[in-house]
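# Observations on the three-dimensional arrangement
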Amino acid sequence: MSDPSELSERAQRLLQDPRTAGDPDALSQVIQWLDEAIQGTPLDHPGRVSRLSNLGIALHTRFGRTGAAADLDRAVDIGAEAVAAAGADHPNLARYLGNLGAALQTRFTRTGMPADLDRAVELGDAALAATTPEHPNRAGRLSNLANTLSIRFEVTGSLSDLDRAVEIGTEAVAAAPPDHPNLPRYLSNLGGALQTRFRRTGSLADLDRAVEVGTAAVAAALPEHPNLSLYLSNLSGTLQTRFGRIGALADLDRAIEHSEAAVAAAPAGRPDRPRCLSNLGGALGTRYARTGALTDLDRAVDVGTEALALTPQTHPDHAMYLSNLGVTLQNRFEHTGAPADLQRAVDLSEQAVTGTPPGHPNRAARLSNLGTAVLARFGHTAEPADLDRAVELGTAAVAAVPPEHPGRARYLANLGDARKARFESTHQPADRTDAITVYRESLHHRSGTPINRAHAGRSAATLAAGQQDWAGAEADLLAVLELLPVLTDHGLGPQDRQHHLAQLQGLAADTVSATLAATVRDLTPYQRSITAWQRLEQTRTILLTQALETRHTVEQLRTTHPHLADEYEDLRRVLTDPDDLAGRSWTQPPGTTGPGGTAADRLAAQAIVDRRMAAAARWPQLFAEIRQVAGFEDFAAPPRPQTLHAAAGDGTVVALVASEHGSAALLLTGTEADHLPLPGLTVLDARTNAVAFLAALNPPPDEPVDDAEVTRVLRWLWDTVAGPVLTRLGCTAGPGDPDAPHAWPRIWWIATGPLSVLPIHAAGHHDDPPATRRTVLDRVVSSYAPSVRALADARLAEREPGRDVLAVGINQTADPASPALPRAEREAHAVALQLDAAGTALVGPSATLDAVRGRLGAAAWAHFSCHGRADDNDPARSFLDLFDEPLRAGELFTLHPLDPYLAYLSACTTAVGSFRLLDESVHLASAFQLAGYPHVIATLWWVNDVVSTRLSTAVYGAIHPDPHSWRPPAHALHRAVHTLRTRYRDYPQVWAAHIHLGP
């Protein structure tokens, strides 16, 4: 036998070689040498303890490479023997205690035995107690204990463990000098604890700090640092968590960038490569869910498959990679419908659960993932056994975590989905009751992701409404409303907020319907109706309302509180960054080819997110301070009832809502609020007719507009919606003479959901005899409003029209491929002449973006005769096509014209927003109104330039019939459309496209 000392020294040199950790053969050699050395070492030999400890380390390391449970059990036994042999006075006792604690912690992650974790914490405390304050290893032992406490929190939910982990982790970072080789590890561990505490408490400050320290960990690690891949992957995970919380796509793009770097830093053969690959797969799968990019999803499957292939079945992370890949495959099935993906997802998820013992901290997540996969299979096969099993698995997942567990909200929602599906299949009332219960628990679980909580709340409300529990449904929806400020936080970029709002389509109509249906004895019909109006304002046009908040003047405030006025202006500049608000798409910036653009683009996007988040956190606090100032109590506040009434002026504001819970028209006058049930209107009918109407107006190439179908929809719209409303208002006949404007009743339509794409002003039976014609056009003057608040602001902004005119006409842009508009420049000259501004039109090559910008600031009258384009993906990027560059809606949000009066957009689709965001009313028309123009005339679809020129001439002729007279734009448009309808009665696509917004 070789000399024990020589064997031990040889083993120690090999163990200290960085390459050994990833080489099972080298580790086996170390273990063999140390076994032989220990066998030859007397029990009382002073070197025996260190040899035992090194053997425990080698066994622990080999387990990390191979997953052999016997190695881990033996590492614990050997470590315990080393501690016992060392005695209380041994100078290296703290190191041996720490090594044993690390082995026990690892065994807990494999077996889920709480006793191992508790013992690991005890040993960490003992190691720290045995370490003097000035000891060079104190920082490392602090960080190790903090990590163990974080893990125990995941199991027990004890916030005291988590708070102590953050406290000790912070102390560890402070105790390590800036050049300490292990500082990156301490920073990364602290980031993990902060991220975990965020999940428990919802503190964004913790999450932001986790990103900061994670970023510092990566920055502190040299490129050749052996754990760089781990730090990169951890930072990626933290950024993914922040994306899940606030939805900023820049965070997710940056997470993927770091995950890609982590994989590159962990080449083939490295033990951490599978974890880095799996983390990358999760991030790619998340981005697919956000952007719909199938390339991300396919690559997520590929890297997840590679991670699994590189990992032995005995490895402790094998079950995690199985579950992650199963989720990704299920997502791909939902996109492609490939049954093979779904079946493999179920199989992998089954294996993941089998490989995760009871008590394991991740068992609940894997049970829940399997439950969703089985539920998806039921949706494909309708096999009842799958439905029952999905409920069983969801129930087990919820039962496996304590009430405070951060993942509980998601598990509850998944269980709710399973119970809801079983109720819809079997109609057993108990399933509906149980589904409502778990959905509501998910809704109110504060550490859950806000968008998931919102979905759970809406599901609960739908089920409650189905059993006529309107009070419960109303309460659920009000809880969802409380989440809107988080989901639409100013710190998010416009696209991120749009994404959240797109997932909440129909919330406004549902909330109004539940409010009207809820029977509360102490509410009068007026109180219920005015409450419904207030909630409608709260749930619609959120993006426009936020923009309105940034446009309030603070000049009067400046005289008494200049510091508040200055801060308001500073924050407003950050929150209305023109580049950001113009709709810059960080998923695919112009000039880039891959998801997320270049690294520079992603860093720029992250900088915008960070800057906006800081401003957004201060924004509501500043408003609260301003409202404490006398005279500013209502500064930028939601409208009070008296403000709502004032917006109606001498007419009626009518909001149309169609919900699966019921449909109604809300009615608002200068003194009254009421509502009219619309029993003949269903949300399905509204969607069906909206789709049919748009299809009829936009036929395939070389096919004509389906005039018969357009006419049918207009008749349906009268019979179901407009007719009952006008009858209720007493508008059963029109004054007859369109030249008598003040004799005509005024209505402002606020259409919600699918109704917002339909021309309410054109509803009717236009082929009726003139004397008894049942049409909106023959009974009232119609205008539209994005919201009551927008109408109120427009009414306040209205003044006597100024004289400055901007008339733009472009027959042909600089792009020769753009279709020509032969009459556009002629129209602009005619408008300028009618407004007593002959010779001032901006036409042809002179109508550049810079020229328009230069003139728009002073223009009381802004007329555009050119091409218009609506952007369904990002309505803030909708534009008027000027000669050289587009004028986008997002830029208009930031303009402040001096004396605006009327913007006339004689271009196609200028009042069309995104079909993903029907209740937001973000389009060119609302952008001009937001810029300050109280009156806007715009179009709901494409328009013929001959008709447009004829109509604009008639409108301006009615507005300004002589040098001394001015008439309201709404009446002028009504008169012109009335005349056009007479000429083209059977072709409503010709006469009904133009609408008026404003007072």
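An unreviewed UniProt entry lists the protein under the name CHAT domain-containing protein, with Dactylosporangium cerinum as the source organism.

## Focus: the overall build of the protein
Of the regular secondary structure elements, the protein holds 42 helices and 16 strands. Taken over the C-alpha trace, the protein has a radius of gyration of 34 Å; the compact-globule value for 999 residues is 30 Å, and the two agree within 12%. In terms of overall dimensions, the protein has C-alpha extents of about 115 × 60 × 60 Å along its principal axes. Out of the 999 residues belonging to the protein, those deemed buried represent 57%. For the protein, the share of sequence-separated contacts (at least 6 apart) that also reach a separation of at least 24 residues comes to 69%. Carbon and sulfur atoms make up 54% of the accessible area of the protein, which amounts to about 38,900 Å² in all. Each charge class in the protein can be summarised by its mean position, and for the 88 positive and 114 negative side chains these summaries are 1 Å apart.

## Things to note about the sheet that holds strand β12 (residues 879-881)
Two strands in a sheet stick together by hydrogen bonds in their backbones, pointing the same way (parallel) or opposite ways (antiparallel). Taken in spatial order, the three strands make up an open sheet running β11-β12-β13, and their pairing is antiparallel. With partners counted over all chains shown, the strands left at the sheet margins are β11 (867-869) and β13 (886-888), one partner each. Each neighbouring strand pair of the sheet contributes to a mean axis angle of 25°, computed without reference to strand direction. As judged from the three bridges shared by β12 and β13, these two strands associate in the antiparallel manner. When the sheet's bridge partners are listed, Leu880 is paired in β13 with Leu887. Packed onto the sheet, helix α39 (residues 924-931) meets β11, β12 and β13 and runs at close to 100° relative to β12.

## What to know about the packing of aromatic side chains
Applying the stated criterion across every chain, the model contains 10 aromatic pairs. The residue whose ring lies beneath Arg10 is Trp33, and the NZ or CZ to ring-centre distance is 5.0 Å.

## So, the side chain of Glu920
When you line up the elements, Glu920 lands in the loop between β14 (902-906) and α39. Within the structure, the side chain of Glu920 is placed 2.9 Å from the backbone nitrogen of Ile542, a separation counted as a polar contact.

## Comments concerning helix α5 (residues 93-111)
Between its first and last C-alpha atoms α5 spans 27 Å; for 19 residues at 1.5 Å apiece the expected length is 27 Å, and the two agree. Along α5, the residues classified as buried are Leu93, Ala94, Tyr96, Leu97, Leu100, Gly101, Ala103, Leu104, Gln105, Arg107 and Phe108. For α5, the elements touching its buried residues are α3 (48-66), α4 (69-86), α6 (114-129) and α7 (138-156). Gly112 sits one or two residues past α5 and shows a positive phi near 75°.

## Some thoughts on the pattern of salt bridges
Here the structure, examined in full by the defined rule, presents 52 salt bridges. Between Asp476 and Arg440 there is a salt bridge; the shortest N-O distance is 2.9 Å. Pair noted here: Asp476 is in helix α22 (residues 470-481) and Arg440 is in helix α20 (residues 429-443), with a separation of 36 residues, a long-range link. We classify Arg440 as partly exposed; its relative accessible area is 23%. Overlapping salt bridges bring together Asp388, Arg419, Arg422, Asp431 and Asp434 as one network.

## Regarding the pairing of strand β3 (residues 673-677)
The pairing of strand β2 (residues 662-668) with β3 spans five bridges and is classified as antiparallel. If you follow Ala664 over to β3, its bridge partner there is Pro677. Taking the residues that link successive antiparallel strands as the turn, the β2-β3 hairpin has four residues.

## Overview of helix α14 (residues 294-309)
End to end, α14 covers 23 Å across 16 residues, agreeing with the expected 22 Å (1.5 Å per residue, within 8%). Three or more residues of α14 are buried, namely Asp296, Leu297, Ala300, Val301, Val303, Gly304, Ala307 and Leu308. Considering only its buried residues, α14 is in contact with α13 (273-291), α15 (318-336) and α16 (339-354).

Rules used in this analysis
- Residues numbered from 1 in each chain as written.
- Predicted model: local features only at pLDDT ≥ 70, side-chain atom pairs only at ≥ 80, totals over all residues.
- Heavy atoms only, no water.
- Helix = DSSP H or I, 4+ residues; strand = E, 2+ residues; numbered from the N terminus.
- Rg over C-alpha atoms; globule rule 2.2 N^0.38 Å.
- Buried < 20%, exposed > 50% of the residue type's maximum accessible area, 1.4 Å probe, protein only.
- Contact = heavy atoms within 4.5 Å.
- Areas by Shrake-Rupley, 256 points an atom, 1.4 Å probe, with all protein chains shown as cover.
- Lys, Arg positive; Asp, Glu negative; His and termini not counted.
- Charge placed at Lys NZ, Arg CZ, Asp CG, Glu CD.
- Pairing = 2+ DSSP bridges.
- Axes fitted to C-alpha atoms, helices over the stretch in contact; angles between N-to-C directions.
- Phe/Tyr/Trp six-rings, centres within 6.5 Å; stacked < 30°, edge-to-face > 60°.
- Lys NZ or Arg CZ within 6 Å of the ring centre and 35° of its normal.
- Polar contact = N/O pair within 3.5 Å; in protein donor to acceptor, adjacent residues only side chain to side chain.
- Expected span 1.5 Å × (residues − 1).
- Salt bridge = Lys/Arg side-chain N within 4 Å of Asp/Glu carboxyl O.

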